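Chain by chain, the residues:
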Amino acid sequence: MDWTSKTTYKLLAFSCWLLAVSACSVSYKFNGASIDYTKTKTIQIADFPIRSSYVWGPMGPMFNNELKDQFANHTRLSQVKRNGDLKIEGEITQYTQRNKSVSAEGYSAQTELTMTVNVRFTNNAKHNEDFERTFSASQSYETTLTLNSVQEDLVAQMCKDLCDQIFNATVANW
């Protein structure tokens, strides 16, 4: 076999392999949503008011936006103001901080910040999936830091954790 026929053979083999690889593609989605889009097309997400005795102003809008974004980014459901096939409503019931650990000197070393929401979920296609449930998320920070310096990041992470929990409980059906 001469050099030209070897090169042609290699080029032909590579072309066949490339054609086979490009023709066979598999697509997976790992967002966890198991929604029958033939029956469920819309979702109504009400703003969650803050009913906690301790309040940080931006917390409400941060949570509400994160929850709506979660469903917009991970489902094909259209968000509507009323009469949704799915309905999520509730309130932020607690926002607390407590000492989590004590240093050798007897002072607080870590503080835990906790956010709790009460959620009412209605599935108008399958009412046996309806529920009312409480979800909580916590984040800790060193007591050497002030709450004001870490609060925005901690609340953002708690909002994400809570919205993941709510998403999984409502449409993921794990």
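The structure displayed is predicted, hence computed values, not measured ones. (Residues numbered from 1 in each chain as written. Predicted model: local features only at pLDDT ≥ 70, side-chain atom pairs only at ≥ 80, totals over all residues. Heavy atoms only, no water.)

Q: Sorry, what's going on with the environment of Ser-149 here?
A: Along the chain, Ser-149 falls in helix H3 (residues 147-172). On the accessibility criterion, Ser-149 (47% relative accessible area) is partly exposed. For Ser-149, the side chain forms a polar contact with the main-chain oxygen of Thr-146, separated by 2.7 Å. (Helix = DSSP H or I, 4+ residues; strand = E, 2+ residues; numbered from the N terminus. Buried < 20%, exposed > 50% of the residue type's maximum accessible area, 1.4 Å probe, protein only. Polar contact = N/O pair within 3.5 Å; in protein donor to acceptor, adjacent residues only side chain to side chain.)

Q: Would you explain the nonpolar core in this entry?
A: Generally speaking, a soluble globular protein has its nonpolar side chains buried in company with each other. Grouped together as the largest cluster of nonpolar side chains are 34 residues, with contacts concentrated most on Phe-63, Leu-67, Ile-88, Met-115 and Val-117. Put simply, the parts of the chain that give this core at least two residues each are strand S1 (42-45), helix H2 (59-74), strand S3 (86-102), strand S4 (108-123), strand S5 (131-142) and H3. Looking at this core, the element that brings in the most residues is H3, giving 11 residues. Those residues within four positions of Val-117 in sequence are excluded, and the remaining contacts are Phe-48, Phe-63, Glu-91, Ile-92, Thr-93, Arg-133, Thr-134, Phe-135, Leu-162 and Ile-166. (Core = buried A, V, L, I, M, F, W, Y, C linked by side-chain atoms within 4.5 Å. Contact = heavy atoms within 4.5 Å.)

Q: Got a minute to help me understand the pairing of S3 in this structure?
A: On a regular strand, one side chain projects to one face of the sheet and the next to the other, so that they alternate. Pairing analysis gives three bridges linking S1 to S3, with the strands arranged parallel. Following the sheet pairing, Gln-44 is matched in S3 by Lys-87. With 15 bridges joining them, S3 and S4 adopt antiparallel strand pairing. For Leu-86, the partnering residue across the bridge sits in S4 and is Asn-123. (Pairing = 2+ DSSP bridges.)

Q: Looking at this structure, how should I read the packing of aromatic side chains?
A: All chains considered together, the criterion is met by five aromatic pairs. Taking 5.3 Å as the distance between ring centres and 5° as the angle between the ring planes, the aromatic pair formed by Tyr-54 and Tyr-95 counts as stacked. Of the two residues, Tyr-54 sits in the loop between S1 and H2 while Tyr-95 sits in strand S3, which places them 41 residues apart along the sequence. Judged by its relative accessible area of 33%, Tyr-54 falls in the partly exposed class. For Tyr-95, a relative accessible area of 1% gives the class buried. Ring centres of Phe-121 and Phe-131 lie 5.4 Å apart, and the angle between their planes is 35°; on these two criteria the pair is classed as tilted. Of this pair, Phe-121 sits in strand S4 while Phe-131 sits in strand S5, placing them 10 residues apart in sequence. Both residues of the pair, Phe-121 and Phe-131, count as buried. A connected cluster of aromatic rings, assembled from ring pairs, spans Phe-121, Phe-131 and Phe-135. For the cation-ring pair, Arg-76 lies above Tyr-37, with the distance from its terminal atom to the ring centre recorded as 4.0 Å. Positioned above the aromatic ring of Phe-131, the side-chain terminus of Arg-133 is 4.2 Å from the ring centre. (Phe/Tyr/Trp six-rings, centres within 6.5 Å; stacked < 30°, edge-to-face > 60°. Lys NZ or Arg CZ within 6 Å of the ring centre and 35° of its normal.)

Q: Help me understand the confidence of the model for the chain in this model?
A: For residues with low pLDDT, the predicted coordinates do not support detailed interpretation. Mean pLDDT for the chain: 86, with 78% of residues reaching 70 or above. Across the chain, S1 holds the top mean pLDDT of 98, while helix H1 (residues 3-23) sits lowest at 58. Note that pLDDT drops below 50 for residues 21-31; the model gives that stretch two contacts with residues more than four away or on any other chain. (pLDDT = per-residue confidence, 0-100.)

Q: Looking at this structure, I do not really get the environment of Leu-113. What am I missing?
A: With respect to the helices and strands, Leu-113 occurs in strand S4. Between the alpha carbons of Leu-113 and Tyr-141 there is a distance of 8.0 Å; along the sequence they are 28 residues apart.

Q: Looking at this model, I keep getting lost on the state of the cysteines. Mind explaining?
A: Disulfide: a covalent bond formed between the sulfur atoms of two cysteine residues. Here the structure, examined in full by the defined rule, presents zero disulfides. Here Cys-159 stays unpaired: no disulfide links it, and the sulfur of Cys-163, its closest cysteine neighbor, is 6.3 Å away. By relative accessible area, which is 1% here, Cys-159 ends up buried. Owing to a relative accessible area of 0%, Cys-163 belongs among the buried residues under this scheme. (Disulfide = S-S within 2.5 Å.)

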